[in-house]
Amino acid sequence: MSALWNFFSSLFHKQQSDFEKYIAVILDKEGYILTDVIQISIEETKFKQKFAHVIVSKQKEKYIVLLILDEFHRDKPIIKRQKTTPEGPVLERLTFASENEAKAHVSKKAALYRIGHFDDKECSYYRVVKCGTEVLKNPDQHVLPGDYILRDLAGFNRASHAGVYVGRGKVIHYDDPDLKASVVNCVTGKGGHVVHVAPLEKFVTHAEQEIRILVHCFQQRTPDEKIAAAEELAKVQYGQYEYGIFSNNCQHLASLVSCGRLEMVDQEIVDSIQNIALIAFGMVLAGVAKTLYDYFFSKSDDRKNEEHA
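None of the values given here were measured: they were computed from a predicted structure.

Chemist: Mind showing me how you'd approach the packing of aromatic side chains here?
Modeler: The description of an aromatic ring pair rests on the distance of the ring centres and on the angle between the ring planes. Summed over the entire model, instances satisfying the criterion amount to 8 aromatic pairs. Arranged with centres 5.0 Å apart and planes meeting at 50°, the rings of Phe-118 and Phe-218 form a pair that is tilted. Here Phe-118 is found in the loop between helix 3 (99-114) and helix 4 (120-124), whereas its partner Phe-218 is found in the loop between strand 11 (212-216) and helix 8 (223-235), with 100 residues between them in sequence. The pair Phe-118 / Phe-218 is uniform in exposure class, with both members buried. Three or more aromatic residues joined by ring pairs form one cluster here, namely Phe-47, Phe-51, Tyr-113, Phe-118 and Phe-218. In this arrangement the basic side chain of Arg-74 is found over the ring face of Tyr-22, its NZ or CZ atom lying 4.1 Å from the centre.

This is how it looks when you write it as structure tokens:
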């Protein structure tokens, strides 16, 4: 596939972009050859992210539209994804009975993407990727300005502390500037939490700590917009005295900057904890109810025995 693609590109003296090469590799892995490809349309969203709709057909009564995005950090290993996010690079795979229907779908979706309109499902897609081990030494080689970054929360490594990388080794995040974000500080340090700028080495708890990047498949702000939003929040010391471990925390801040919504990447963990707490509370209530039941019925039996005596 790539060789044929290069051949036809050379006929028009066109240099392939990295994204075009990426599309060619994906189609090759999907098992398509050049003659299967009906149409490839590459455009940009409102937020300067390239996307491609590819119409392919091996049988003329079946036309498939593939959606491929120019996702950030696609070369890094994926260690987690949002549960509905497709595993591979093809984010949408729809089948149509005719070529015209397929092209009409492409036209409609492309028009929406150009104005930055994505549906709720598309907005929720994300992947978490792993940075290189040298990130603290050369951060700008591993992390992009505007990236939503994560590291393990000290004392509870199933959860994460989050921030927004703004370039030149600086992070804007929401915690107590005098303390490293840990599970204890998140629970008890309400008054000291504030959005502020810090060196990347102050964001982590130790030099070898892994840094991860949460990548929204559909970028919902440009990197410059993310940086400007984060810097403005730090400037006004957003969140002072308003921190809430489940309602207004570091992950909510990073999400607000990245896509304009207050969301938690660890929401599933929170839900699990709340469910466990409800079960435990239910068990306590059941135990109390049984104790009261046994007590009062035993008293009733004692009175009956006294009356018979």
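Chemist: Is there a simple way to explain helix 3 in this structure?
Modeler: Along its 16 residues, helix 3 runs 22 Å from first to last C-alpha, staying within 8% of the 22 Å computed at 1.5 Å per residue. Within the span of helix 3, buried status applies to Ala-102, His-105, Val-106, Lys-109, Ala-110 and Tyr-113. With its buried residues spanning 125° around the axis, helix 3 presents them on a single face. Exposed side of helix 3, more than 90 degrees from the buried face: Asn-100 and Lys-108 are the residues found there. Along its buried surface, helix 3 packs onto strand 1 (37-44), strand 2 (50-59), strand 3 (62-69), strand 5 (90-96) and helix 4. Trailing helix 3 by a residue or two, Gly-116 shows a phi angle of about 80°, which is positive.

Chemist: Is there a simple way to think about the confidence of the model for the protein in this case?
Modeler: When pLDDT is low, close inspection of the predicted coordinates is not appropriate. Confidence in the prediction for the protein averages 85 pLDDT; 81% of positions are at 70 or higher. Below a pLDDT of 50 lies the segment residues 271-290, which in the model reaches 0 contacts outside its immediate sequence neighbourhood of four places, other chains included.

Chemist: I tried to follow the sheet that holds strand 6 (residues 126-130) on my own but got confused; where do I start?
Modeler: As summarised here, the arrangement of the 7 strands in space is 4-6-11-7-8-9-10, forming an open sheet in which the pairing is antiparallel. Of all the strands in the sheet, the pair left with one neighbour each is strand 4 (78-81) and strand 10 (194-199). Across this sheet, the average inter-strand angle for adjacent strands is 35°, counted without regard to direction. The pairing of strand 7 (residues 148-153) with strand 11 spans 3 bridges and is classified as antiparallel. Paired with Ile-149 across the bridge in strand 11 is Ile-213. Sitting on the sheet, helix 8 touches strand 8 (156-167), strand 9 (170-175) and strand 10, and the angle it makes with strand 10 is about 115°. In the packing of helix 9 (residues 250-259) onto the sheet, contacts are made with strand 7, strand 8, strand 9, strand 10 and strand 11, and the angle to strand 8 comes to roughly 40°.

Chemist: Is there a simple way to explain the pattern of salt bridges in this structure?
Modeler: One pass over the full model with this rule turns up 13 salt bridges. Glu-43 is the partner of Arg-114 in a salt bridge, and the nearest nitrogen-oxygen pair spans 2.6 Å. Linking Arg-114 in helix 3 with Glu-43 in strand 1, this pair joins segments that are 71 residues apart in sequence. Residue classification places Glu-43 among the partly exposed positions, given a relative accessible area of 24%.

Chemist: What am I meant to see in the side chain of Asp-36 here?
Modeler: Note on placement: Asp-36 falls in the loop between helix 2 (18-30) and strand 1. Exposure remark for Asp-36: the relative accessible area of 8% places this residue in the buried category. Setting aside anything within four residues of it in sequence, one finds Asp-36 in contact with Gly-31, Ile-55, Val-56, Ser-57 and Lys-58.

Conventions used here
Residues numbered from 1 in each chain as written. Predicted model: local features only at pLDDT ≥ 70, side-chain atom pairs only at ≥ 80, totals over all residues. Heavy atoms only, no water. Phe/Tyr/Trp six-rings, centres within 6.5 Å; stacked < 30°, edge-to-face > 60°. Helix = DSSP H or I, 4+ residues; strand = E, 2+ residues; numbered from the N terminus. Buried < 20%, exposed > 50% of the residue type's maximum accessible area, 1.4 Å probe, protein only. Lys NZ or Arg CZ within 6 Å of the ring centre and 35° of its normal. Expected span 1.5 Å × (residues − 1). Arc of directions from axis to C-beta. Contact = heavy atoms within 4.5 Å. pLDDT = per-residue confidence, 0-100. Pairing = 2+ DSSP bridges. Axes fitted to C-alpha atoms, helices over the stretch in contact; angles between N-to-C directions. Salt bridge = Lys/Arg side-chain N within 4 Å of Asp/Glu carboxyl O.

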